[in-house]
Protein chains: 2
Amino acid sequence: MSGSKCTRLSGALVKHVLDSVDSVLFDCDGVIWRGDQVIPGAPQVVNLLKEKGKKVFFLTNNSSKTRRMYADKMSTLGFDVTEEEVFGTAYCSAMYLKTVCKLEGKVYLIGSNAMRQELEAVGIQQTGQGPDHISGKQTDWANVPLDPEVKAVVVGFDEHFSYMKLNRALQYLTHPDCLFVGTNRDSRLPLEGGKAVPGTGCLLLAVETAAQRQAQTVGKPNHFMFDCVASQFGVERERCLMIGDRLDTDIMLGSNCGLKTLLTLTGVSTVADAEAHQKSGCAERQRMVPDYYVESVADLLPALQG
Amino acid sequence: MSGSKCTRLSGALVKHVLDSVDSVLFDCDGVIWRGDQVIPGAPQVVNLLKEKGKKVFFLTNNSSKTRRMYADKMSTLGFDVTEEEVFGTAYCSAMYLKTVCKLEGKVYLIGSNAMRQELEAVGIQQTGQGPDHISGKQTDWANVPLDPEVKAVVVGFDEHFSYMKLNRALQYLTHPDCLFVGTNRDSRLPLEGGKAVPGTGCLLLAVETAAQRQAQTVGKPNHFMFDCVASQFGVERERCLMIGDRLDTDIMLGSNCGLKTLLTLTGVSTVADAEAHQKSGCAERQRMVPDYYVESVADLLPALQG
């Protein structure tokens, strides 16, 4: 209610905040599920928000699934969701290349099958995905045959990332007019039990270092994912709530776009992290301080059921 | 002769500088060869320096060859060199683990067959090298079987670098007492004709980002490679000349160790790069300004033949 940041959202304040918004943007991993485990209460929260007339959208930096795959996973977990409500970086990267870059040419793809499908869905050709093993010697690698139609290198999550892919990206990016787009910079994919595997940020940094160029990234905290939602559904910033578990991506996106922000503690970031940013005195870091926090999105349930 | 830096080394000054040193350290790639092409005159310069009683050593950040392989390559190209005079990062990393870290345990190796051989030569066990392709799903990757004897992750040049290797390194490095060593941070391996392929720096940065830890690097500009030479051959810093083509590795190493420094223009860096560092007003950057420069090491030849 006051102007202070990082307020615990509970009691009457929950209803007050929910009444003040028409749209709710959810991050997925660490917010409504962790890996394949649904966060208890999350499906009810989403479904009740929609029953009460809120627009609900899902913004994930994960590039390993198409919108269709996400909608299927969500249905299985009990969420009442259509694929048009899902904005993953596989889809958003394809949209970025088509609508912002107006790419005319092929993509050299370091990424998943889902990225290939989303590119094809908007009519962008790509060089294929899957393993690319090394052979030959250094001079062979430097002179690897390149597809002259390639006008962009796109880097997303790729479990088949290899030295040869890194090398091909470098050779394409030697041409200064070759576009360079990354899905996101998350350094790890967190899994259940405190485990993690390497994220797209590791692969992107390797390509950037080899190419001695910086990629434009599409995912949070870049505003493009919000722009995608807003342009398709007419979302009003002042009446929109971003819910996420990461200060550096989700909460930063909300701040960058002028949204209300809510940190949930079922994922990566902690209240102590947020307080450290608040006390830092650094304007950039203070944009990672959320307006509110909850232990879990399930904390919204009583206000929605009442 | 004066106290000014980045002086062109020619005429009488060449003999003056060579008379002032007992030891000469050569970088290899970009200095005495480029790829498989010898720099004209380089073998004569090296061989005449030795005939005149100078100690000559070769310091390369390249980790893809053993000392033996380098000595063989050099002999083929006309250099009169023994393997004891060669200090590559495959050898120096093994020495670092043995003498500085006093490692008791195995190495998880991202690196070449040469690194495997140099580790074995000092009695350090490692997990093997070569391809490591992906299979299974994220939770399988996070729970990949680890060798309990591994106490260090070592990253060098590895043409078989893959997402699975990156993941294994992350899982080992989750243990805070696991050591983390990199051979070097060179972002590219330059080849003939302005071509390049990705260097170890790209791979190391990917592992550091995944592990959220910083590696200790052994290669130039870290002083360890000079320490290796000095401890084995009793080199006197004030009477030692470092010759290299890179300001950020070779010349920085020389400055870090109190050596005389000579930039040769047959490789990566230019006089304009050096002048920009000089004018920067930044003490760190000014350590990358060489005392002298030559177009090529062949410019030393007249003084040695005279």
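Residues numbered from 1 in each chain as written. Chains lettered and ligands numbered in written order. Predicted model: local features only at pLDDT ≥ 70, side-chain atom pairs only at ≥ 80, totals over all residues. Heavy atoms only, no water.

Undergrad: Before we move on, can you summarise the overall build of chain A with the specific residues and values?
TA: Helix and strand content of chain A: 13 helices and 15 strands. Relative to the globule expectation of 19 Å for 306 residues, the C-alpha radius of gyration of chain A, 20 Å, shows essentially globular dimensions. Considered along the principal axes of its C-alpha atoms, chain A spans approximately 65 × 40 × 35 Å. In chain A, which comprises 306 residues, the share counted as buried stands at 58%. (Helix = DSSP H or I, 4+ residues; strand = E, 2+ residues; numbered from the N terminus. Rg over C-alpha atoms; globule rule 2.2 N^0.38 Å. Buried < 20%, exposed > 50% of the residue type's maximum accessible area, 1.4 Å probe, protein only.)

Undergrad: Please provide a residue-by-residue account of the UniProt feature "binding site: substrate" (unreviewed entry) in chain A, values included.
TA: Residue and element names in this part refer to chain A. Those places that UniProt annotates as "binding site: substrate" (unreviewed entry) correspond, in this numbering, to Lys 220. In this structure Lys 220 comes out as buried when scored by relative accessible area, which is 3%. Those residues in contact with Lys 220 that sit more than four places away from it in its chain are Asp 27, Leu 59, Thr 60, Asn 61, Met 225, Met 242, Thr 249, Asp 250 and Leu 253. A distance of 2.8 Å separates a polar atom in the side chain of Lys 220 from a polar atom in the side chain of Asp 27. (UniProt positions renumbered as here; feature names shortened; annotations may be inferred. Contact = heavy atoms within 4.5 Å. Polar contact = N/O pair within 3.5 Å; in protein donor to acceptor, adjacent residues only side chain to side chain.)

Undergrad: Describe the interface of chain A and chain B, with residues and values.
TA: Each side of the interface is counted separately: chain A has 36 residues, and chain B has 36 residues. Buried surface at the junction of chain A and chain B, both sides included, amounts to about 3,200 Å², of which 64% is carbon and sulfur. If you sort the residues of chain A by the area they bury against chain B, Tyr 163, Arg 188 and Pro 198 of chain A come out on top, with a joint share of 19%. Where chain A meets chain B, there are 0 salt bridges. For the side of chain A that touches chain B, the secondary structure elements donating two or more residues are helix H6 (138-142), helix H7 (163-173), strand S10 (188-190), strand S11 (196-198) and helix H8 (200-211) of chain A. The element best represented in the side of chain A that touches chain B is H8 of chain A, accounting for 8 residues. Of the residues contributing to the side of chain A that touches chain B, the split by class is 19 nonpolar, 12 polar and 5 charged. (Buried area = accessible area lost by both parts, 1.4 Å probe. Salt bridge = Lys/Arg side-chain N within 4 Å of Asp/Glu carboxyl O. Nonpolar A, V, L, I, M, F, W, Y, C, P; charged D, E, K, R; others polar.)

Undergrad: Break down the side chain of Glu 118 of chain B for me, citing the residues and quoting the values.
TA: Residue and element names in this part refer to chain B. Here Glu 118 lies in helix H5 (residues 113-121). For Glu 118, the side chain forms a polar contact with the main-chain nitrogen of Arg 67, separated by 2.8 Å. In this structure, Glu 118 is in contact with Thr 66, Arg 67, Ala 90, Tyr 91 and Ala 94, ignoring residues within four places of it in sequence.

Undergrad: Tell me about the UniProt feature "binding site: Mg(2+)" (unreviewed entry) in chain A, and name the residues and values.
TA: Residues and elements named next belong to chain A. Per the UniProt record, "binding site: Mg(2+)" (unreviewed entry) is annotated on Asp 27, Asp 29 and Asp 245. Across 219 residues, the annotated set stays spatially compact, with a maximum C-alpha separation of 8.1 Å. Considered against the largest cavity, the annotated residues that line it turn out to be Asp 27, Asp 29 and Asp 245. Relative to the assigned elements, Asp 29 resides in the loop between strand S2 (23-26) and strand S3 (33-34). (1 Å grid on protein atoms, 1.4 Å probe; cavity = no way out; pocket = protein on both sides within 12 Å on 5 of 7 lines; lining within 4 Å.)

Undergrad: Tell me about the relation of the copies chain A and chain B, residues and numbers included.
TA: Expressed as a screw transformation, the operator carrying chain A onto chain B has a rotation angle of 180° and an axial translation of 0.0 Å, and the superposed copies differ by an RMSD of 0.0 Å. Those values place the two copies in the arrangement expected of a two-fold rotation axis. When C-alpha distances to the rotation axis are compared across chain A, the minimum falls at Ser 162 of chain A, with a value of 2.1 Å. When you check the interface residues of chain A against chain B, 100% turn up at the interface there too, and the contact is symmetric in its surfaces. (Least-squares fit on C-alpha atoms with pLDDT ≥ 70 in both.)

Undergrad: Go over the packing of H7 of chain A against H8 of chain A with me, naming the residues and quoting the values.
TA: Residues and elements named next belong to chain A. Interhelical geometry of H7 versus H8 gives an angle of 45° and a closest axis separation of 9 Å. In terms of orientation, H7 lies oblique with respect to H8. In this structure, H7 crosses over H8, and the sense of that crossing is right-handed. For the pair formed by H7 and H8, the contact residues are Leu 166, Ala 169, Leu 170 and Leu 173 on the first element and Ala 206, Val 207, Ala 210 and Ala 211 on the second. Each residue belonging to the contact of H7 with H8 can be placed in one class, and the counts come to 8 nonpolar, no polar and no charged. (Axes fitted to C-alpha atoms, helices over the stretch in contact; angles between N-to-C directions. Parallel < 35°, antiparallel > 145°, perpendicular 65-115°, else oblique. Left-handed = near helix turned anticlockwise from the far one by under 90°.)

Undergrad: I'd like a rundown of the domain arrangement of chain A, residues and numbers included.
TA: Residue and element names in this part refer to chain A. When the domains of chain A are assigned, the result is domain 1 (7-61 + 221-305) and domain 2 (105-217). Taking the mean C-alpha position of each, domain 1 and domain 2 sit 30 Å from one another. Counting from both sides, the interface comprises 10 residues of domain 1 and, opposite them, 8 residues of domain 2. Of all residues in domain 1, Arg 34, Asn 61 and Arg 246 give up the largest surface area on contact with domain 2, accounting jointly for 53% of the area buried on that side. Our count for the contact surface shared by domain 1 and domain 2 stands at 1 salt bridge. As a salt-bridge pair, Asp 186 and Arg 246 come within 3.6 Å of each other at their nearest N and O atoms. Counting across the domain 1 and domain 2 interface gives 3 residue pairs in polar contact (both at pLDDT 80 or more). (Domains from an automatic or database assignment.)

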